[in-house]
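Read off the chains here:
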Amino acid sequence: MVRTEFEERFVSLRRGLIAREFQELNDKQREAVLATEGPLLLLAGAGSGKTTVLINRVANLIRFGRGSDTAEVDPKYGERELRVLEESEKSGVLSPEAEALCAVDPVEPWRVIAITFTNKAADELKARLSKRIGTGAEDIWAMTFHSACVRILRRSIDVMGISPSFTIYDTADSLAVMKRVLRELNMDEKIFPPKQVLGYISRAKDEMLFAPDYTAEAEKSRDPRKKLIARAYTEYSRRLLSSDALDFDDLILFTVKLLTDYPEVRERWQRQFKYVLVDEYQDTSVLQYRLASLLAGGTENICVVGDDDQSIYRFRGATIENILSFEKRYRDTRVIKLEQNYRSTGHILEAANAVIKNNLGRKGKSLWTSAGEGDRLTFRMAESDEAEAAFVANEIVSGVASGMRWSDFAVLYRVNAQSNRLEYAFKRAAVPYKVIGGTRFFDRAEIKDVTSYLCVVHNPADDLRLLRIINNPPRGIGPTTVERLRDIAARERRPILDAAADAAKYPELKSAAGKLMKFMELIMELRGLADSLPLDEFYEELLEKTGYVESLGDSDDALARVDNIRELKSNIVSYASSAERPTLGGFLDEIALYTDLDSPEMNEDSVPMMTIHSAKGLEFPWVFIVGMEENLFPSARSMNTEEDMEEERRLCYVALTRAQRRLVLTAAKRRLMFGHTTANTVSRFLEEIPAEHLDMPAKRAGFTREPDPEYLDWEYREGRRQERDYTGGFVSQRRAPRTPRPSPPQTIRTTAHPPAQKTLELKPGDRVRHRAFGEGDVVAVTPTGGDAMITVRFAVGEKRLMLNAAAQFMVKV
DNA sequence: ATCATAACGCTTTTT
DNA sequence: GCGTTATGAT
């Protein structure tokens, strides 16, 4: 056999054997796993097993290197080796020897970087990688863009003259700095809203314009407004720089700058990373795209995975262009489409396809499933947002009563503000729930205070955090002293704490010098402790020595705050036990980049509720999408341009494709929005769902956009109020309550002003049967207004319920 | 320094 | 409608 023939045979055998190791994948998925070399664009529809492909791809790289995707054959190999492969093919077992022959430069885990967009996605990736690969998986760079940048910057940023122990400013920090800057530049916050100015700066950074570049551009434009914004940008940057602080955008920007301007640094990282994978590529900004291609510059082994139909972060700078033009930028790009959906049943998928079809400018992709048609989607129009929430709670209780788990459900909404109504209704119905995202733990004042101490201890140049704590708890360092101190620090271009150390030198600080010295010594002492004590002990010392906890007092509010401070300690403990070399700086990085540390709690059995954005990448058996109304979803702000509307539609596509088996859409005829009752028409997206996939109470198609009484859940008929069954028809009235006199029939509360009458007379000792919790004994009844809070001991545990709401699920026995 | 009231702005979404 | 922040009174 001539050498080339031999090699062809060898290569094809090798590829076949490797492919066999990924038998559980479908053809397209396997193709994506085996195509290890060069640029690859993977268009992966919702629920197409995208993460599975990523995991297996990494597994393939680590086991077989480029074995599945190269024509090279080791010149040492000959007939004997070929026979080993043939044997393996025949036997169906990959022997260790054959496995070794199939591998071509198997790659070390730390040479693989898999970048995701959210922490949640990174966590999931890490978990699944370690399950699939086992040892070594933790060395894979599976993390978000921002964490990857922090890791690179910590190791290499010193060449740029920035301290490697730089501090990360989150959005709130940036805003606080910007507010100060604007005040000092005498820029009216009405004319220059701080958030908007930060937005301009953020966009400038995405175009790689630093403050001097932006200023030059502003000068050219002769736009006075832009010139002022340029001044704010300059001052903002100066402050961050002098505090050794980087904001979120800087993390990416400085990394790109570092890799662009410093060849030796670039080469160092390009030598390290042999394979770059980018998840959720449709959500990357131009800057992030640059970063990814810089990292992949060594080999051009860059694999991006995305779905143009799920691009929902355009507002933040993500550009769909990145995915639409990937092939243009990398010639020889291989493109693989994953269109088989393993998540949802037919009606759900068809509905999603139908909606997204209304968008122009997409790659064009149509999901299909081999699962059956399943149930049709359900739409219900409720009387009010409150009734809508009650309906959802009711449906969930019924579902649980028929054997489902709370965590089989999910409630999705467009904006976080919608969670209030739902929370209220869920509490009343005793539905355990968990709000994902929203007001964040680290945004709480007491947490910001305590972390500010940690930040200043770690980086004494952090003026922003220092100003937050210098007189908190009160130390007699008043606003006047602080003002003078800031002037001195600004004049001498040195950190505030530094200036405070020399307080005695300045006559204007004389009276406060003692207090300032004491504060400085406190920080210095804590710095010493931070180096010598384990993190958790150090934290205790800090709380003690600063007197912070003590200063809170013992009001109810303070107790809750102290609880939160304890909660932070448990975060420290869990960080200390998971990190290989826990440091204060490491912990601060973690909390700066982690918005929701509550992801582990997802395991508990409760109903998750979240925005559609947060739901991306997740799936649930039964999904409720609430607020399907014009002005809410699509949001009022998206009405101006077609691009914005298409983004909303993609958001809707994301929402619909979260559901596995059941999908319920709801709208409310009346809704409280920023304090006013508004009546919205039904969402246009609902109209885009073909009637055959949608189940509605009466009319099946062509419903009007006006709120239609036909779709109301409760209504007056012939002057009598009747309760309407959610499945369509009217049910007979509930038995009259056991009150001495006949009273109006029980209604589910649909208004803000509930009927005063009780629906069920209960006293401690009574026995009740609840649809979801079974039988239980009433332990306590506490009247509250026209309602009562009851405590019932069920087999599943003690529950506190609001009587009027619970009565619909409960009978006395 | 602490508390109370007034005023504001917020409803896109995340790192 | 709510939660945060600014302002002013004690």
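Please read all numbers here as calculations on a predicted model, not as lab measurements.

(A) Just the overall build of chain A, in detail. Of regular secondary structure, chain A possesses 32 helices and 23 strands. Looking at chain A as a whole, 54% of its 813 residues are labelled buried. Intrachain contacts of chain A at a sequence separation of at least 6 include 73% that bridge at least 24 residues. Total accessible area computed for chain A in this model is approximately 36,000 Å², and 50% of it derives from carbon and sulfur atoms.

(B) Representation of the sheet that holds strand β1 (residues 40-44). An order of β3-β2-β6-β7-β1-β8 is seen for the six strands of this open sheet, with the pairing classed as parallel. Of all strands in the sheet, those bounded by a partner on one side alone are β3 (141-144) and β8 (334-338). Going from strand to strand, the sheet's axes swing by 15 degrees on average, the running direction of each strand aside. Summarising the sheet, β1 and strand β7 (residues 302-306) pair through four bridges and their orientation is parallel. Its bridge partner lying in β7, L40 is registered against C303. The strands touched by helix α2 (residues 27-34) are β1 and β8; relative to β8, the strand with the most contacts, the crossing angle is about 145 degrees. Against the sheet, helix α14 (residues 286-295) makes contact with β2 (112-116), β6 (275-278) and β7, and its axis sits at roughly 160 degrees relative to β6, the strand it touches most.

(C) A look at the layout of surface pockets. Reported here for the second largest pocket is a volume of approximately 2,000 Å³. Lining the second largest pocket are 50 residues; nearest its centre among them are R151, Y575, A579, G586 and E590. Residue assignment for the lining of the second largest pocket shows that the elements contributing at least two residues are α6 (119-133), β3, α7 (145-156), α13 (263-272), α20 (445-458), α24 (510-532), α27 (556-578) and α28 (584-593). Here the lining of the second largest pocket takes eight residues from α28, the largest share from any one element. Looking at the lining of the second largest pocket residue by residue, the classes come out as 21 nonpolar, 14 polar and 15 charged.

(D) Broad picture of the pattern of salt bridges. According to the stated counting rule, one finds 61 salt bridges in the structure shown. In this structure, D173 engages K448 in a salt bridge whose closest nitrogen and oxygen atoms are separated by 3.5 Å. With D173 in helix α8 (residues 171-184) and K448 in helix α20, the pair connects residues that are 275 residues apart, well separated along the chain. Like K448, D173 is buried.

(E) Structural view of the environment of Y330. Looking at the secondary structure, you find Y330 in the loop between α16 (326-329) and β8. Considered as a pair, Y330 and L651 are 321 residues apart in the sequence and their alpha carbons are 28 Å apart. With residues up to four places along the chain from it excluded, the contact list for Y330 reads P39, Y289, S293, E300 and I302.

(F) Focus on the pairing of strand β12 (residues 607-611). By the criterion of burial, β12 is predominantly enclosed, with five of the five residues buried. In this sheet, β12 lies alongside strand β10 (residues 409-413) in parallel orientation, the contact comprising three bridges. Across the sheet, residue V411 finds its bridge partner in β12, namely M609.

(G) Quick peek at the nonpolar core. L251, L295, L377, F379, L656, L663 and L665 are the most contacted members of the largest nonpolar core, which has 91 residues in total. Setting aside anything within four residues of it in sequence, one finds L665 in contact with L377, T378, F379, R380, I625, M628, L656, L686 and I689. Listed in part, the 49 residues of the second largest apolar core include V450, Y453, I488 and F538.

(H) Representation of the packing of α2 against helix α3 (residues 50-64) in the model. Close contact between α2 and α3 brings their axes to 8 Å; oriented N to C, the two are set at 40 degrees. In terms of orientation, α2 and α3 fall into the oblique class. The chirality of how α2 crosses α3 is right-handed. For the pair formed by α2 and α3, the contact residues are Q29, A32, V33 and L34 on the first element and V53, N56, R57 and N60 on the second. When its residues are assigned to classes, the contact of α2 with α3 shows four nonpolar, three polar and one charged.

(I) Region of interest: the environment of K569. Inspection of the secondary structure puts K569 in helix α27. Considered as a pair, K569 and V11 are 558 residues apart in the sequence and their alpha carbons are 55 Å apart. If we skip the residues at most four places from it in the chain, K569 touches D536, Y539 and E540.

(J) Examining unusual backbone geometry more closely. Following F633, the chain continues into P634 via a peptide bond in cis, with omega recorded as 5 degrees. Along the chain, P634 turns up in the loop between β13 (620-625) and α30 (642-656). For E300, which is not glycine, the phi torsion reads 60 degrees and is therefore positive. Within the secondary structure layout, E300 lies in the loop between α14 and β7.

(K) Summary view of the packing of aromatic side chains. Within the structure shown, the criterion is met by 18 aromatic pairs. With a centroid separation of 5.0 Å and an interplanar angle of 80 degrees, the aromatic rings of W141 and F273 are classed as edge-to-face. Taken as a pair, W141 in strand β3 and F273 in the loop between α13 and β6 lie far apart in primary sequence, 132 residues in all. A relative accessible area of 2% means that W141 is categorised as buried. Among the residues examined, F273 registers a relative accessible area of 0% and is labelled buried. Here the aromatic rings of F426 and Y433 are separated by 6.1 Å at their centres, their planes lie at 75 degrees, and the arrangement is edge-to-face. Across this residue pair, the class does not change: F426 and Y433 are buried. Within the aromatic cluster, the residues linked to one another by ring pairs are F117, F145, Y313 and F315. Its end group placed over the ring of Y214, K226 keeps NZ or CZ at 5.3 Å from the ring centre.

(L) Examining the pairing of strand β9 (residues 377-384) more closely. In terms of residue burial, β9 counts as a mostly covered element, since eight of its eight residues are buried. Relative to strand β16 (residues 694-695), β9 is paired through two bridges, and the arrangement is parallel. Its bridge partner being in β16, T378 is matched across the sheet by D695. Where β9 and strand β14 (residues 659-673) come together, six bridges link them in parallel fashion. When the bridges of β14 are listed, R380 appears paired with T666.

(M) Representation of the packing of α24 against helix α25 (residues 535-546) in the model. Where α24 meets α25, the closest approach of the two axes is 10 Å, and the angle between their N-to-C directions is 165 degrees. In this view, α24 runs roughly antiparallel relative to α25, as classed from their interaxial angle. Both α24 and α25 take part in a crossing whose hand is right-handed. Every residue of α25 that contacts α24 at L522, E525, L526, L529 and A530 is listed here: F538, E541, L542, K545 and T546. When grouped by side-chain class, the residues that make up the contact of α24 with α25 number six nonpolar, one polar and three charged.

(N) Region of interest: the confidence of the model for chain A. Per-chain confidence: chain A averages 84 in pLDDT, with 90% of residues scoring 70 or above. Note that residues 698-758 has pLDDT below 50 and, in this model, 107 contacts with residues that lie over four places away or in other chains.

(O) Representation of the side chain of T144 within the structure. Mapped onto the fold, T144 is located in strand β3. For T144, a relative accessible area of 5% corresponds to the buried category. Only 2.5 Å separates the side chain of T144 from the side chain of S147, close enough to count as a polar contact. The residues touching T144, leaving out its near neighbours within four places in the chain, are I115, T116, F117, T118, N119 and A122.

Criteria and thresholds
Per-chain numbering applies: the sequence of each chain, read as written, is numbered from 1 onward. Working convention: letters from A go to chains and numbers from 1 go to ligands, in the order in which they are written. Residue-level local features of this predicted model are given only where pLDDT is at least 70; pairs of side-chain atoms are given and counted only at 80 or more, and the full residue set underlies all totals for whole chains, interfaces and linings. With hydrogens and water stripped out, all remaining heavy atoms of the structure feed into the side-chain values. For helices the rule is a DSSP run of H or I covering at least 4 residues; for strands it is a run of E covering at least 2, with both sets numbered from the N terminus onward. The buried label goes to any residue with under 20% of its type's maximum accessible area, the exposed label to any with over 50%, and the partly exposed label to all in between, with areas taken from a 1.4 Å probe on protein chains only. Throughout, a residue-residue contact means that at least one pair of heavy atoms, one from each residue, lies within 4.5 Å. Residue exposure ignores everything except the shown protein chains as possible cover, and the areas themselves are Shrake-Rupley values with a 1.4 Å probe. A strand pair is defined by DSSP finding two or more bridges across the two strands. Orientation is described by lines fitted to C-alpha atoms, with helices fitted over the stretch in contact, and by angles between N-to-C directions that extend from 0 to 180 degrees. Only protein atoms enter the 1 Å grid used here, on which a cavity is any set of points holding a 1.4 Å probe that cannot leave and a pocket is any open set flanked by protein within 12 Å on both sides along at least five of seven lines; residues with an atom within 4 Å of a point are listed as lining. Grid points are joined across faces, edges and corners, and a volume is the space filled by probe spheres set on the points. Each residue gets one label: Ala, Val, Leu, Ile, Met, Phe, Trp, Tyr, Cys and Pro are nonpolar, Asp, Glu, Lys and Arg are charged, and the others, such as Gly, are polar. Here, a salt bridge means any side-chain nitrogen of Lys or Arg that lies within 4 Å of a carboxyl oxygen of Asp or Glu. We define the nonpolar core as a collection of buried residues of types Ala, Val, Leu, Ile, Met, Phe, Trp, Tyr and Cys that are connected through side-chain atoms lying within 4.5 Å of one another. Here is the rule for angles: anything less than 35 degrees is roughly parallel, anything more than 145 is roughly antiparallel, 65 through 115 is roughly perpendicular, and the remaining ranges are oblique. Two helices cross in a left-handed way if the nearer one is turned anticlockwise from the farther one by less than a right angle. They cross in a right-handed way if the turn is clockwise. Any pair of Phe, Tyr and Trp rings, taking the six-membered ring for Trp, is counted once the centres come within 6.5 Å. Such a pair is stacked with planes under 30 degrees apart, edge-to-face with planes over 60 apart, and tilted for the rest. Consider the ring centre and the ring normal. A charge sits over the ring if Lys NZ or Arg CZ is within 6 Å of that centre and within 35 degrees of that normal. A residue's pLDDT is simply how confident the predictor is in it, with values from 0 to 100. Think of a polar contact as two N or O atoms within 3.5 Å of one another; within protein, one of them needs to be a possible hydrogen donor and the other a possible acceptor, and neighboring residues in sequence only count if both atoms come from side chains.

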